[in-house]
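Architecture at a glance
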Amino acid sequence: MTAVAVPGSAQVAPHAPAVGRSAADLLHEARSRERAACIPEAIRCYEGAISAAERSGEKPILAEALRRLAVVMHHRNESARARELCKRSYKVACDLKNDVLAAEALNTLGGLAVRMGDIEEARGNFRKALERGGHARELRARVELNLGVLANIRGELVDAVAHYERSVESYRATNDEHGCATAYVNLGIAHTDLRQYDWADSYFSKSFEIAERAGDAHLQGMCLVNHAEAHFLRERYEEARRMAEAALAIFDQLDSRADKSEAYKTIGMVYRETGRPALAESRLRTAIELAVSAGSVLNEAEAARELARLMQAMGRNQDALTLLNTAHRLFLRLDARVDLVHVDGKVSELETTYFDVVREWGQSIESADSYTFGHCERVAQRALAVARGLMLDDTAQTAIRLGAYLHDLGKVRVPHEILNKPGPLTREEFEVVQMHPIWGLELLAAVEFPWDLKPIIRWHHERYDGTGYPDRLRGDEIPVAAQIVGIVDVYDALTTARSYRPAVSHEAAMLEIEKCRGWWAPAVYAAFSNSRVEAPRPDTRAPSSPFVTIQTR
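Report follows, based on the coordinates. Computed from a predicted model, the values in this text were never measured in an experiment. (Residues numbered from 1 in each chain as written. Predicted model: local features only at pLDDT ≥ 70, side-chain atom pairs only at ≥ 80, totals over all residues. Heavy atoms only, no water.)

By the definition in use, this model includes 39 salt bridges. A salt bridge links Asp201 to Arg236, with the shortest nitrogen-to-oxygen separation between them at 3.6 Å. Here Asp201, found in helix α10 (residues 197-214), pairs with Arg236, found in the loop between α11 (217-233) and α12 (237-254); they are 35 residues apart in sequence, far enough to count as distant. A salt bridge links Arg272 to Glu273; the nearest nitrogen and oxygen atoms lie 2.8 Å apart. Through salt bridges with shared partners, a single ionic network connects Arg272, Glu273, Arg305, Glu306 and Arg309. (Salt bridge = Lys/Arg side-chain N within 4 Å of Asp/Glu carboxyl O. Helix = DSSP H or I, 4+ residues; strand = E, 2+ residues; numbered from the N terminus.)

Mapped onto the elements, Asp465 comes out in the loop between α23 (454-459) and α24 (480-495). For Asp465, a relative accessible area of 29% gives the class partly exposed. A sequence separation of 53 residues divides Asp465 from Gly518, and the C-alpha atoms of the two residues are 6.3 Å apart. With residues near it in sequence (within four places) discarded, Asp465 still touches Arg474, Gly518 and Trp519. (Buried < 20%, exposed > 50% of the residue type's maximum accessible area, 1.4 Å probe, protein only. Contact = heavy atoms within 4.5 Å.)

Once that is clear, we can look at the nonpolar core. In terms of nonpolar packing, the biggest core is built from 114 residues, with Leu321, Leu406 and Ile513 touching the most fellow members. Setting aside chain neighbours within four positions, we find Ile513 in contact with Ile487, Val490, Tyr491, Leu494, Trp520, Tyr525 and Phe528. The next biggest cluster of nonpolar side chains, apart from the first, holds 39 residues, and it includes Ala129, Val143, Tyr164 and Tyr171. (Core = buried A, V, L, I, M, F, W, Y, C linked by side-chain atoms within 4.5 Å.)

We now examine unusual backbone geometry. In this structure, the amide linkage connecting Tyr469 to the following residue, Pro470, adopts the cis form with an omega of 10°. For Pro470, the location among the structural elements is in the loop between α23 and α24. Its identity as a non-glycine residue notwithstanding, Asp255 has a phi of 55°, on the positive side. Its location among the elements puts Asp255 in the loop between α12 and α13 (257-273).

With that settled, consider the packing of aromatic side chains. Within this structure, the stated rule accounts for six aromatic pairs. With a centroid separation of 6.0 Å and 80° between ring planes, the pair formed by Phe430 and Tyr469 is classed as edge-to-face. Of this pair, Phe430 sits in helix α21 (residues 427-433) while Tyr469 sits in the loop between α23 and α24, and the two are 39 residues apart along the sequence. Given the relative accessible area of 9%, Tyr469 is considered buried. Ring pairs connect the aromatic residues Tyr184, Trp199 and Tyr203, which therefore count as one cluster. (Phe/Tyr/Trp six-rings, centres within 6.5 Å; stacked < 30°, edge-to-face > 60°.)

Following this line, the structure appears as structure tokens:
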């Protein structure tokens, strides 16, 4: 959801355009045209007001016209020009020694900084605005609103609600109904994030009614698109789609690509959840394209994540992973910029989806073989225990867990009759099996993982003494992560029944692994031996044998 950072100005009545009108009249007309979504006309009126004010020396009108034009330019993705106009407004106000106008410009600069992801600059500008013009209630209302947005970004939702409520109080004190409407939409967003949906519905409805009366098209669109997301979370899909499409029509008039991206994303999510995958994919890809063209990293990341979930539902796991990798990279860029998102929560949510996709892909590989079903999940859990025993960091643990889910991906290319052959393999057949680590990498060639998984997939069958495959690596040439997955893979192969031999007991498996301890680094073997490996339940499909030659396919 997108909180609304609004620099704002007093609401004005519309006037008919006329040639040769005063700077004040042109400024009023420009604001009216802007709220009615007649953006080209609004720009011409603002530019006319600036020119007229410069000729007449009306510096207060010049400062306000510059600032308002800056807001319009920013909505049109012309952020550099917007900042330049707003800085000019601030300079004019300072030359006048007009604290309120200077504070208005600072507040607007803060709002622009928020939208560009520079939170520290935004906070500094908002504080300066309060220092210079905090005695003006209307200005204080807007600054409280924007401080609420900053709290929203940080994920501090209770603080955000408090700032928004103080904003409403100040707006009411000045009888500014339109200002209240802006605070209401942000209260709706915060209560949605808090899962207090009835409160959210009430605030969105109040805001929309006021925005409609005032003819503020952008605020109407923001109410609709954020209310649509609240409906989506409540599984009210038809209502969500209707509101998102109404918002899209408004944002199309305003030529606001970032906001259009948000609307398309919600529509795509609805189509995904209501079983219309082709329409969902079309809308979500459009959302990504619009976000890229608008330079909105947040919208691009969120749309990529939602499209990944669609790919997951369609069984297109490789496409899902590629999109999740894109989203992960973008969220980390947002983290570096401290952008419009509580990044830690977003990344955590994304990584949960990532694990789900990888787990499902691993299970789909095993699903045709009742003997190995659950193998990847068991290897992942036990490998994680070994990694913790070695005190590896969180990044390494994540890589090991994901790598374990996908370590046997290449076996999809091994003929079924070889994998499930009841007797020993011939040399030629075993050479085919030995290709599965390489085939696994080929299947993932187009996927650039945020974690280093590929060494695990390629080298989990390498041995410390140089007798493994596919590359005959020796000693510390073999990454620790690959060794961890390798030793746990052997344990699980021994303790579960396979087509070519029965399962052995936990104790027998540990004895066999001890005989082969030279296959792994001493530290890896020790961590495995000391890890709390749960003994498997007795397998009733075949009798357990105390002696077996280790062979994993």
